[in-house]
Every structure is written in structure tokens, then in C-alpha cells.
Amino acid sequence: AQSVAQPEDQVNVAEGNPLTVKCTYSVSGNPYLFWYVQYPNRGLQFLLKYITGDNLVKGSYGFEAEFNKSQTSFHLKKPSALVSDSALYFCAVRSYNTDKLIFGTGTRLQVFP
Amino acid sequence: DTGVSQDPRHKITKRGQNVTFRCDPISEHNRLYWYRQTLGQGPEFLTYFQNEAQLEKSRLLSDRFSAERPKGSFSTLEIQRTEQGDSAMYLCASIDGLAGRPGANVLTFGAGSRLTVL
């Protein structure tokens with residue numbers, strides 16, 4: 001069965017500092033990995049994905065994520081946080097042979113000025 | 001194309017009433033998904049369609065829930081005899097299921113329909 005774990009309910013970071021939001025996954029076969037962001041009263045917005053290729057993927061708004069197969073992780077990173085990055089972030093995974101995307105419980109990112 | 005549209009955005013109902021939500025996906029997307037999200041949780045998969053065929057339904061989904069996509073375009077999600085535990089945000093998403101196309105593998109979500117059952 002597929003599963004995703006986001007171990008931190010909330011991450012606090014000062015503006016201008018680097019940020020990391022953690023995600024680990026469990027899936028049979030090769031994973032398709034995604035990060036989405038959700039602002040209040042809005043749907044989920046796609047940030048980036050890993051399907052195949054380079055382990056470091058770059059996405060929207062300066063975010064990037066690194067796929068680590070041995071640690072089954074896909075942590076979201078940004079070199080310099082902005083207050084406007086404050087939102088709820090979801091990691092998601094699906095196996096290559098299914099069409100169902102499974103989400104983690106989310107991590108609230110709070111960037112302080 | 002204005003993306004995935006959901007209607008209504010908010011619905012307040014009394015316990016025991018039936019409610020129906022509508023989703024209009026991106027026009028060229030052949031797959032459509034329904035998710036449910038409660039406060040403090042991630043989206044939970046409910047069901048999905050490829051064109052008009054319902055291919056998978058979550059085992060967690062009560063028989064009171066039914067979804068349709070009659071012409072392979074818009075979809076409806078109906079909840080019969082609502083209970084307070086049904087209160088949640090119901091999210092619809094669509095995807096271009098054809099491999100190799102731009103946007104393949106990426107779900108595009110609507111803004112959601114928030115249900116409050118009193």
C-alpha cells in the first residue's frame with residue numbers, strides 16, 4: 001500500500017532563511033512524487049514533481065525538492081523563505097502502476113518577518 | 001480555460017438532507033477525481049473516473065455517497081442522508097491521462113466545496 005509521512009505539523013522559519021519541509025514515502029515500485037501548496041479557502045496548487053531523471057527537481061516560486069531513493073524521502077526546500085510562502089504544504093505519492101494519488105497530512109509553514 | 005470549477009463553494013445543510021456537488025474539469029482532461037479534506041488532514045481519495053467510467057472507489061466511502069460522470073465531462077457527487085461527520089471540504093481534480101502530454105501526471109484541483117452539516 002502507498003503511504004506518505006510528513007513528520008512535522010508545523011515549520012517555523014525567519015524570512016530570508018532557508019526552509020525544509022520533510023516528506024517520506026512508502027510505495028511498491030518506482031514512485032511518482034509531488035508537492036502541493038494550499039492557501040486558506042483555496043484548492044491545492046501544484047509546486048513540483050519527480051517522475052524520473054535528476055534527483056533534484058525545481059518547481060514554482062523558487063521551491064525545489066530532492067528525491068532520495070535510499071532514504072525514501074522527498075524533502076521540499078527553498079534557499080530563502082518569504083513571508084508569502086506561509087501556507088499548508090502537502091506531499092503526495094503514487095506508484096507508477098496506479099492512478100490514485102495519496103497525500104500526507106500536511107505541514108504548516110510559517111515564515112516570520 | 002478557467003481551470004477546474006466546483007459548485008457550490010459552500011453548502012450548509014441539516015442532518016438527514018441530501019446534497020449534491022458539481023465539478024467541471026478542464027475540458028481536455030479525461031480523468032476526474034474526488035477527494036475529501038477535513039480540518040488538519042490531507043486530502044483523502046474518494047473515487048475517480050476515466051471518461052464516464054468510474055474506475056475506483058475508496059473502501060472507506062459509505063453507500064450514502066455516489067458519484068457520476070454521465071457524459072465524460074462534468075461530474076456530480078451526491079451525499080444522501082447527511083451526517084455531521086460528512087462535514088468537510090470536497091475537492092475535485094482533473095488530469096490529462098495521456099502519457100507524454102504536457103501536464104500529464106499532474107492533478108489540477110478546483111477550489112473545493114465546503115459542506116457543513118448541522
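In short, a report on the structure. (Residues numbered from 1 in each chain as written. Chains lettered and ligands numbered in written order. Predicted model: local features only at pLDDT ≥ 70, side-chain atom pairs only at ≥ 80, totals over all residues. Heavy atoms only, no water.)

With respect to the state of the cysteines
Residue and element names in this part refer to chain B. Throughout the structure, instances matching the rule amount to 2 disulfides over all chains. Across the disulfide, cysteine 23 is cross-linked to cysteine 92 (sulfur-sulfur distance 1.9 Å). Of note, the bridge from cysteine 23 to cysteine 92 carries an S-S torsion of about -70° and is left-handed in sense. Of this pair, cysteine 23 sits in strand β3 (residues 19-24) while cysteine 92 sits in strand β9 (residues 88-95), and the two are 69 residues apart along the sequence. (Disulfide = S-S within 2.5 Å. Helix = DSSP H or I, 4+ residues; strand = E, 2+ residues; numbered from the N terminus.)

Concerning the interface of chain A and chain B
At the junction of the two partners, chain A supplies 19 residues and chain B supplies 21 residues. Counting each side, the surface lost to burial between chain A and chain B is near 1600 Å², with a carbon and sulfur contribution of 52%. Put simply, chain A and chain B have 2 salt bridges between them. Taken together, chain A and chain B are joined by 7 residue pairs in polar contact (both at pLDDT 80 or more). Contributions of two or more residues to the side of chain A that touches chain B are made by β5 (31-38), β6 (44-50) and β10 (87-95) of chain A. Ranked by residues supplied to the side of chain A that touches chain B, first place goes to β5(A) with 4 residues. Here the side of chain A that touches chain B is composed, by residue class, of 9 nonpolar, 5 polar and 5 charged. (Contact = heavy atoms within 4.5 Å. Buried area = accessible area lost by both parts, 1.4 Å probe. Salt bridge = Lys/Arg side-chain N within 4 Å of Asp/Glu carboxyl O. Polar contact = N/O pair within 3.5 Å; in protein donor to acceptor, adjacent residues only side chain to side chain. Nonpolar A, V, L, I, M, F, W, Y, C, P; charged D, E, K, R; others polar.)

Overview of the side chain of B:Arg64
Residues and elements named next belong to chain B. Mapped onto the secondary structure, arginine 64 falls in the loop between β6 (53-57) and β7 (65-68). Among the polar contacts made by the side chain of arginine 64, one reaches the side chain of glutamate 83 at a distance of 3.5 Å. There is a polar contact of 2.8 Å between the side chain of arginine 64 and the side chain of aspartate 86. Ignoring anything within four residues of it in the chain, the contact list for arginine 64 reads Glu78, Ile79, Gln80, Arg81, Thr82, Glu83 and Asp86.

So, the pattern of salt bridges
Residues and elements named next belong to chain A. A full pass over the atoms with the stated rule returns 9 salt bridges over all chains. For lysine 78, the salt bridge goes to aspartate 85, with nearest N and O atoms at 2.8 Å. Residue aspartate 85 is classed as buried on the basis of its relative accessible area of 4%. (Buried < 20%, exposed > 50% of the residue type's maximum accessible area, 1.4 Å probe, protein only.)

Quick word on the pairing of β5(A)
All names here are of chain A. Among the 8 residues that make up β5, 8 are buried, leaving the element largely enclosed by the rest of the structure. With burial as the criterion, each face of β5 is covered, one bearing Pro31, Leu33, Trp35 and Val37 and the other bearing Tyr32, Phe34, Tyr36 and Gln38. Where β5 meets β10, 8 bridges bridge the pair, whose relative direction is antiparallel. Counted as the bridge partner of tyrosine 32 is arginine 94 from β10. Summarising the sheet, β5 and β6 pair through 6 bridges and their orientation is antiparallel. Bridge assignment links tyrosine 36 to a residue of β6, and that residue is phenylalanine 46. In this antiparallel pair of consecutive strands, β5 and β6, the connection spans 5 residues, and asparagine 41 shows a positive phi of 60°. (Pairing = 2+ DSSP bridges.)

That is the geometry; function is a separate question.
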